[in-house]
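A look at the structure
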Amino acid sequence: MRVILASASPRRAEILARVTWPFDVLPAAIDERRLGDEDPETHVRRLAREKAIRLSRAHPEAWVLGSDTVVAQGDDIFGKPADDADALRMLSRLDAAPHLVLTGFAWARGGEAVVHDLSRSEVRFRKIGEREIRAYVATGEPRDKAGAYAIQGGAARFVDSVRGSVSGVIGLPLEGVLESARRLGISEPVSPLPPEAVALRLRAVRGEVAARTVAAGRPPESCRLVAVTKGHPAALAHAAIAAGATDVGENYVQEGARKRAEVAALSNADAARWHLIGPLQTNKAALAVRTFDLVHAIDRVEVAAALAKRASGPVAGLLQVNVARDPSKAGVPPDDVLAHVRRLADVPGFEPRGLMTIGPLDADAAATRGTFAALRQQVDELRGMGYERLTELSMGMSDDYPEAIAEGATLVRLGTAIFGPRVRPVGDRR
Ligand SMILES: *Cc1c(COP(=O)(O)O)cnc(C)c1O
């Protein structure tokens with residue numbers, strides 16, 4: 001079965017790649033002008049349908065997904081701006097009042113639209129003002145975006161609230177697309193991911209991490225994305241690094257060492273920093289120092305000492321903190337952090353660089369944020385006491401990285417969000 005995305009928008013391809021059907025991208029050239037009496041919803045539904053039908057006629061055997069997005073205020077439609085002045089005009093109006101982002105989509109086969117639907121999201125800007133709007137327009141980002149902004153880009157900081165589908169606002173309402181595909185019997189997305197999909201997903205996730213970092217009032221590069229490859233083949237780690245991943249994370253020393261060697265055989269292992277994010281036993285210290293650039297989950301001074309003893313140069317590591325004192329989790333309790341940092345700083349050849357934690361499971365967003373806020377407070381206090389080199393906060397995984405970034409994470413460790421579900425169960429150490 002072949003799936004074709006009838007769209008020239010790289011954002012749509014990035015979103016569709018998250019569900020990992022192998023698909024082809026073929027833009028559909030249609031007349032996008034609004035008909036005289038068409039309201040915005042009818043208009044966007046029609047364009048999505050026409051795009052799908054247009055390509056479906058040429059590829060009747062395939063499932064073709066067409067989509068179109070407009071920004072609407074009342075009866076007015078904001079498409080792509082004609083020029084920078086037009087972008088400035090649009091953004092000023094969007095700043096003044098809430099607007100709807102309408103994304104239509106349609107599945108077509110055999111030259112006919114089989115399903116079409118619409119996602120409707122309400123977006124409010126906080127009052128941004130003309131100066132900030134001008135600065136944003138000058139970045140060039142608004143030029144090819146409906147409504148002159150990209151919520152996943154520099155405009156993330158303008159947004160006060162979104163009610164509806166976030167992926168719909170970016171350009172493809174993934175929930176609706178998946179639901180309709182299931183109803184039509186379009187086969188399930190594949191796992192493991194094809195390497196081509198990794199590049200798209202990595203870019204999408206990286207854009208989101210950067211947008212959230214900016215929204216938290218920090219420079220975008222102040223939070224790094226560690227692509228967690230545990231449970232995935234070396235080919236996917238290789239694909240991620242080829243697509244620009246600068247940091248790769250593994251949980252187990254042997255799996256990481258083997259994978260790094262396999263990726264090296266494919267050429268680019270050293271283009272990334274390798275992170276050990278899982279627990280470490282002292283008897284694996286020698287292999288760990290040869291394989292990894294940063295060890296995240298140190299919870300005993302003996303482990304740091306074993307690493308330093310086997311290394312030829314300085315070894316960097318993070319102290320794992322069990323913020324919520326969860327008995328099923330590793331890490332030192334919050335009250336013991338200062339004592340551990342003191343002792344770690346005294347280990348010759350070892351450089352403590354910061355703190356790491358794993359967020360609570362099944363907690364609500366507020367409780368999760370509280371955990372991450374507590375870790376940040378600890379690192380701030382330590383820095384205030386003269387441990388200025390403790391600059392890293394490793395926190396946030398696929399389920400909770402938005403909260404972690406909001407609380408100051410400098411390293412987020414993301415596996416599933418980039419590579420999809422793990423094929424091999426976690427904990428299988430082979
Ligand atoms: C597996 C793992 C991750 C990645 O988890 P995802 O939910 O797949 O993003 C991050 N940190 C640690 C410590 C892990 O064990």
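Residues numbered from 1 in each chain as written. Predicted model: local features only at pLDDT ≥ 70, side-chain atom pairs only at ≥ 80, totals over all residues. Heavy atoms only, no water.

1. What to know about the overall build of the chain
Counted only if it meets this: Each helix is a run of DSSP H or I of at least 4 residues and each strand a run of E of at least 2, with the numbering of both proceeding from the N terminus. Note on contacts: a residue pair is in contact if any heavy atoms of the two residues lie within 4.5 Å. Computed by Shrake-Rupley with a 1.4 Å probe, the accessible areas treat only the displayed protein chains as cover when residues are assessed. Residues counted as positive are Lys and Arg, residues counted as negative are Asp and Glu, and His and the chain ends are not counted. By convention, the charge on Lys lies at NZ, on Arg at CZ, on Asp at CG and on Glu at CD.
In terms of helices and strands, the chain carries 15 helices and 15 strands. Over its C-alpha atoms, taken along the principal directions, the chain stretches across nearly 75 × 50 × 35 Å. The long-range fraction of contacts in the chain, counting pairs at least 24 apart against all pairs at least 6 apart in sequence, stands at 65%. Total accessible area on the chain stands at roughly 18900 Å², and carbon and sulfur atoms take up 51% of it. With 58 positive and 55 negative side-chain charges, the chain shows a separation of 3 Å between the mean positions of the two kinds.

2. A short note on unusual backbone geometry
What counts is decided by this rule: Here the term buried applies to any residue with accessible area under 20% of the maximum for its type, exposed to any over 50%, and partly exposed to those in between, with areas from a 1.4 Å probe on protein chains only.
Phi is positive for A148, close to 65 degrees, though the residue is something other than glycine. Along the chain, A148 turns up in the loop between α4 (129–138) and β7 (159–163). On the accessibility criterion, A148 (0% relative accessible area) is buried. The residue R325 is not glycine, and still its phi comes out positive at about 50 degrees. With respect to the secondary-structure elements, R325 resides in the loop between β12 (315–320) and α12 (337–345). With relative accessibility at 48%, the residue R325 sits in the partly exposed group.

3. Section: the layout of surface pockets
By rolling a water-sized probe across the atoms, one finds the places where empty space is left. Basically, it comes down to this: Put plainly, a pocket is an open set of points on a 1 Å grid over the protein atoms alone with protein on both sides within 12 Å along at least five of seven lines, a cavity is a set where a 1.4 Å probe fits but cannot get out, and a lining residue has an atom within 4 Å of a point. Grid points are joined across faces, edges and corners, and a volume is the space filled by probe spheres set on the points. All residues other than Ala, Val, Leu, Ile, Met, Phe, Trp, Tyr, Cys, Pro, Asp, Glu, Lys and Arg, Gly among them, are scored as polar; the first ten of these are nonpolar and the last four charged.
Taken as a whole, the largest pocket encloses approximately 750 Å³ of empty space. Around the largest pocket, the lining comprises 33 residues; the ones closest to its centre are I358, G359, L361, M397 and R413. When contributions to the lining of the largest pocket are tallied by element, the ones reaching two or more residues are α13 (365–384) and β15 (411–414). Of the residues belonging to the lining of the largest pocket, the class tally is 15 nonpolar, nine polar and nine charged. Taken as a whole, the second largest pocket spans an internal volume of roughly 640 Å³. What lines the second largest pocket is a set of 33 residues, and nearest its centre among them are R12, D68, T69, K80 and A146. Of all the elements in the fold, those that place two or more residues in the lining of the second largest pocket are α1 (10–17), α2 (40–58), β3 (63–73) and α5 (166–170). Of the residues forming the lining of the second largest pocket, the biggest block, four residues, is contributed by β3. Among the residues forming the lining of the second largest pocket, the class breakdown is 16 nonpolar, seven polar and ten charged.

4. Overview of the domain arrangement of the chain
The condition that has to hold: Residue ranges assigned to each domain were obtained from an automatic or database domain assignment. Take the accessible area each of two parts loses on contact, using a 1.4 Å probe, and add the two losses: that sum is the buried area. Salt bridge criterion: a side-chain nitrogen from Lys or Arg within 4 Å of a carboxyl oxygen from Asp or Glu.
By the assigned domains, the chain splits into domain 1 (3–184) and domain 2 (195–419). Between the C-alpha centres of domain 1 and domain 2 the distance comes to 35 Å. If you look at the interface, domain 1 gives twelve residues, while domain 2 gives nine residues. Between domain 1 and domain 2 lies a buried interface of about 860 Å² when both sides are counted; carbon and sulfur atoms form 63% of it. Of all residues in domain 1, the largest losses of buried area upon contact with domain 2 belong to E14, A17 and R18, amounting jointly to 55% of the total for that side. Scanning the region where domain 1 abuts domain 2 turns up one salt bridge. Between E14 and R203 there is a salt bridge, with the nearest N and O atoms lying 3.9 Å from each other.

5. A few points about the packing of aromatic side chains
Inclusion rule: Put simply, two rings from Phe, Tyr or Trp (the six-membered ring, in Trp's case) pair if the centres are within 6.5 Å, and we call them stacked under 30 degrees between planes, edge-to-face over 60, tilted for the rest.
Following the criterion strictly, the structure yields five aromatic pairs and no others. Here the aromatic rings of Y136 and F158 are separated by 5.1 Å at their centres, their planes lie at 85 degrees, and the arrangement is edge-to-face. Of this pair, Y136 sits in helix α4 while F158 sits in the loop between α4 and β7, and the two are 22 residues apart along the sequence. A single burial state applies to Y136 and to F158, both of which are buried. Here the aromatic cluster, defined as three or more aromatic residues joined through ring pairs, consists of F125, Y136, Y149 and F158.

6. A word on the nonpolar core
To keep things clear, this is the line we draw: Nonpolar cores are built from buried Ala, Val, Leu, Ile, Met, Phe, Trp, Tyr and Cys residues. Side-chain atoms within 4.5 Å join them into one set.
Membership of the largest hydrophobic core comes to 62 residues, with the highest contact counts inside it found for L307, L355 and V412. In this structure V412 touches V209, C223, R224, L225, V226, M395, G396, Y401 and I405, once residues within four positions along its chain are discounted. Formed by 22 residues, the second largest nonpolar core is a distinct cluster that contains F78, V101, V137 and V159.

7. Side note on the site of the ligand
What counts, and what does not: The criterion for a residue being near a molecule or strand is simple. One of its heavy atoms has to lie within 4 Å of it. Here a polar contact is taken to be a pair of N or O atoms separated by no more than 3.5 Å, where protein atoms must pair a possible hydrogen donor with a possible acceptor and residues adjacent in sequence count only if both atoms sit in side chains.
Taken together, the neighbourhood of the ligand is formed by V228, K230, N251, I277, I358, M397, S398, R413, L414, G415, T416 and R422. Here a nitrogen atom of the ligand sits 2.9 Å away from a polar atom, N or O, in the side chain of R413. Within the complex, the protein chains bury 90% of what would otherwise be the 390 Å² of accessible surface of the ligand. Split into classes, the residues belonging to the shell around the ligand amount to five nonpolar, four polar and three charged.

8. Comments concerning the pattern of salt bridges
Evaluation of the coordinates by the stated rule reveals 36 salt bridges. The partner of D76 in a salt bridge is R93, with the nearest N and O atoms 2.9 Å apart. Of this pair, D76 sits in strand β4 (residues 76–78) while R93 is found in helix α3 (residues 84–96), placing the two residues 17 residues apart along the sequence. With a relative accessible area of 32%, R93 lands in the partly exposed category. One salt bridge in this structure joins E407 and R369, with 2.8 Å as the shortest N-O distance. Residue E407 is located in the loop between α14 (401–406) and β15, and its partner R369 is located in helix α13; the two are separated by 38 residues in the primary sequence.

9. Points about empty space enclosed by the protein
Summed over the entire model, instances satisfying the criterion amount to three cavities of 30 Å³ or more. Quantified by volume, the largest cavity comes out at close to 50 Å³. Forming the walls of the largest cavity are Q320, V321, N322, V323, A324, D326, K329, A330, T357, I358, P360 and T371. Considered class by class, the residues forming the lining of the largest cavity number six nonpolar, four polar and two charged.

10. As for α1
In terms of residue burial, α1 counts as a mostly covered element, since seven of its eight residues are buried. Taken together, the buried positions of α1 are R11, R12, A13, E14, I15, L16 and A17. Looking at where α1 begins, the residue whose side-chain oxygen comes 3.2 Å from the main-chain nitrogen of R11 is S9.

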